[in-house]
Amino acid sequence: MITIKTKDEIVKMRSACAMAARVLNAMVEYADVGVSTYDLDCFGRDLMMELGAQSACFHYPGRKSPYPAHSCISINDEVVHGIPSKNVFLKDGDIVSIDVSVFYNGYAGDNTKTVRIGNVSKEVERFVRVAEEALDLGIAQATAGNRIGDISHAIEVHAQKNRCGILRDFVGHGIGKNLHEDPQIPNFGPPHTGPILKPGMTLAIEPMLTFGNEKVFIADDGWTVKTVDGKLAVHCEHTILVTEILPEVLTLEKK
Ligand code: MF3
Ligand code: CO
């Protein structure tokens, strides 16, 4: 069942998502050469605590064990759900996706950015941009009367045009009181199919693209999703609100 948020719930979703964006953007600023992914996660955890927000991924149930950290940090060939580590330090040329989901005011906000550390090659820079463009194109389809498949298809077309692989087993999602709600939002699929979008739906749209082959596996830690061919992957995500007119991107920081 896809929930339609009331006016009051939308106000709360806005504040939860603004909070998720604030924490993510602060972590993006903090990410730099020499910082361990553990320190980066602790920085985010402390900021959430200070602002009265809770991590939505901390202790999220998993196949082997609950998720152990407060954000997901995935470097280079890690696509999603990378676990921060005291032994992993960001280095020049890395691309790092930082995925921050929080609960605040009883609602969830979810967003992800892929950060370039130091100098990345032109080719890698372009690859990251393709994923960001795919996200924007997907969001542009999230208008009342369109269907979920229109979002999926827009992302797929842009990824394929740029010869990127698309993760099949991980998808975007509805979001509200819970981090993951109906509907699922795949990053591929035929247009004009799936549930019809209505004002008041809130959706987390999140392209996960690979630079090569799209085969992935889950590492021994039970969480980290990595590319089989060892090539780079990008992840970016916004939470949006479907309205009568253009979609409202909720995960933009309120200055
Ligand atoms: N933004 C991630 C998602 O929607 C958050 C995952 S929480 C985790 O999948 F615990 F599953 F990592
Ligand atoms: Co998400």
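Up top is the structure.
Fair warning: this is a prediction, and the values are worked out from it, not measured in the lab.

About the cut-offs
- Residues numbered from 1 in each chain as written.
- Chains lettered and ligands numbered in written order.
- Predicted model: local features only at pLDDT ≥ 70, side-chain atom pairs only at ≥ 80, totals over all residues.
- Heavy atoms only, no water.
- Buried < 20%, exposed > 50% of the residue type's maximum accessible area, 1.4 Å probe, protein only.
- Helix = DSSP H or I, 4+ residues; strand = E, 2+ residues; numbered from the N terminus.
- Pairing = 2+ DSSP bridges.
- Near = heavy atom within 4 Å.
- Polar contact = N/O pair within 3.5 Å; in protein donor to acceptor, adjacent residues only side chain to side chain.
- Nonpolar A, V, L, I, M, F, W, Y, C, P; charged D, E, K, R; others polar.
- Axes fitted to C-alpha atoms, helices over the stretch in contact; angles between N-to-C directions.
- Donors = N, O, S within 2.8 Å, 3.2 Å for Na, K, Ca; no water.
- Expected span 1.5 Å × (residues − 1).
- Contact = heavy atoms within 4.5 Å.
- Phe/Tyr/Trp six-rings, centres within 6.5 Å; stacked < 30°, edge-to-face > 60°.
- Lys NZ or Arg CZ within 6 Å of the ring centre and 35° of its normal.
- Left-handed = near helix turned anticlockwise from the far one by under 90°.

### Brief notes about the pairing of strand E14 (residues 238-241)
Side chains His 238 and Ile 240 of E14 all project onto a buried face; the interleaved residues Thr 239 and Leu 241 project onto the opposite face, where all are buried too. Where strand E9 (residues 202-205) meets E14, 4 bridges bridge the pair, whose relative direction is antiparallel. What sits directly across from Ala 204, in E14, is Thr 239. Pairing of E14 with strand E15 (residues 248-249), which is carried by 2 bridges, proceeds in the antiparallel orientation. Of the residues in E15, the one forming a bridge with Ile 240 is Val 249. Taking the residues between adjacent antiparallel strands as the criterion, E14 and E15 are bridged by 6 residues.

### Let's talk about the site of ligand 1
Around ligand 1 lies a shell formed by Cys 57, Tyr 60, Tyr 67, Cys 72, His 81, Asp 99, Asp 110, His 173, His 180, Glu 206, Trp 223 and Glu 237. Take His 81: an N or O atom from its side chain is 3.3 Å from an oxygen atom of ligand 1. Separating a nitrogen atom of ligand 1 from a side-chain N or O atom of Asp 99 is a distance of 2.8 Å. In terms of residue class, the shell around ligand 1 is made up of 5 nonpolar, 3 polar and 4 charged.

### Here we look at the sheet that holds strand E12 (residues 225-227)
Strand-to-strand pairing in sheets goes through backbone hydrogen bonds, with the strands running parallel or antiparallel. The 3 strands are arranged E3-E12-E11 in an open sheet whose pairing can be described as antiparallel. Only two strands of the sheet have a single partner each, and these edge strands are strand E3 (78-80) and strand E11 (216-218). Averaged over neighbouring strand pairs, the angle between their axes works out to 40° when direction is ignored. Bridge analysis of E3 against E12 gives 2 bridges, and the strand direction is antiparallel.

### Re the coordination of the cobalt ion (ligand 2)
Binding of the cobalt ion (ligand 2) to the protein goes through Asp 110 (OD), His 173 (NE2), Glu 206 (OE) and Glu 237 (OE), at separations of 2.1 to 2.2 Å. For Glu 237, a relative accessible area of 1% gives the class buried.

### A look at helix H2 (residues 37-51)
Think of an α-helix as turning once every 3.6 residues; residues three or four places apart then point the same way. A rise of 1.5 Å per residue sets the reference length of H2, with its 15 residues, at 21 Å; its end C-alpha atoms lie 21 Å apart and thus fit the reference within 8%. Among all positions of H2, only Thr 37, Leu 40, Asp 41, Cys 42, Gly 44, Leu 47, Met 48 and Leu 51 are buried. For H2, the secondary structure elements touched by its buried residues are helix H1 (7-30), strand E1 (54-55), strand E2 (72-75) and strand E4 (95-104). Looking one or two places after H2, you find Gly 52, whose phi comes out positive at around 80°.

### Here's the deal with helix H3 (residues 122-140)
In this model, H3 (19 residues) spans 27 Å end to end at C-alpha, consistent with the 27 Å of a helix rising 1.5 Å per residue. Looking at H3, one finds that the buried residues are Val 124, Phe 127, Val 128, Val 130, Ala 131, Ala 134, Leu 135, Gly 138 and Ile 139.

### Examining the side chain of Thr 227
Structurally, Thr 227 can be placed in strand E12. By relative accessible area, Thr 227 is classed as buried at 2%. Every residue in contact with Thr 227, bar those within four places of it in the chain, is listed here: Asp 77, Val 79, Thr 210, Lys 215, Val 216, Phe 217, Leu 232 and Ala 233.

### What about the packing of aromatic side chains?
Centre distance and the angle of the planes are the two values used to describe a pair of aromatic rings. Across all of its chains, the model carries 3 aromatic pairs by this definition. Looking at Lys 86, its charged tip hangs above the ring of Tyr 38, at a distance of 4.7 Å from the centre.

### Some points on the packing of H1 against H2
Relative to each other, H1 and H2 sit at 145°, their axes nearing to 10 Å. Between H1 and H2 lies a crossing of right-handed hand. On the side of H1, the interface is formed by Met 19, Arg 22, Val 23, Ala 26, Met 27 and Tyr 30, while H2 contributes Asp 39, Leu 40, Asp 41, Phe 43, Gly 44, Leu 47, Met 48 and Leu 51.

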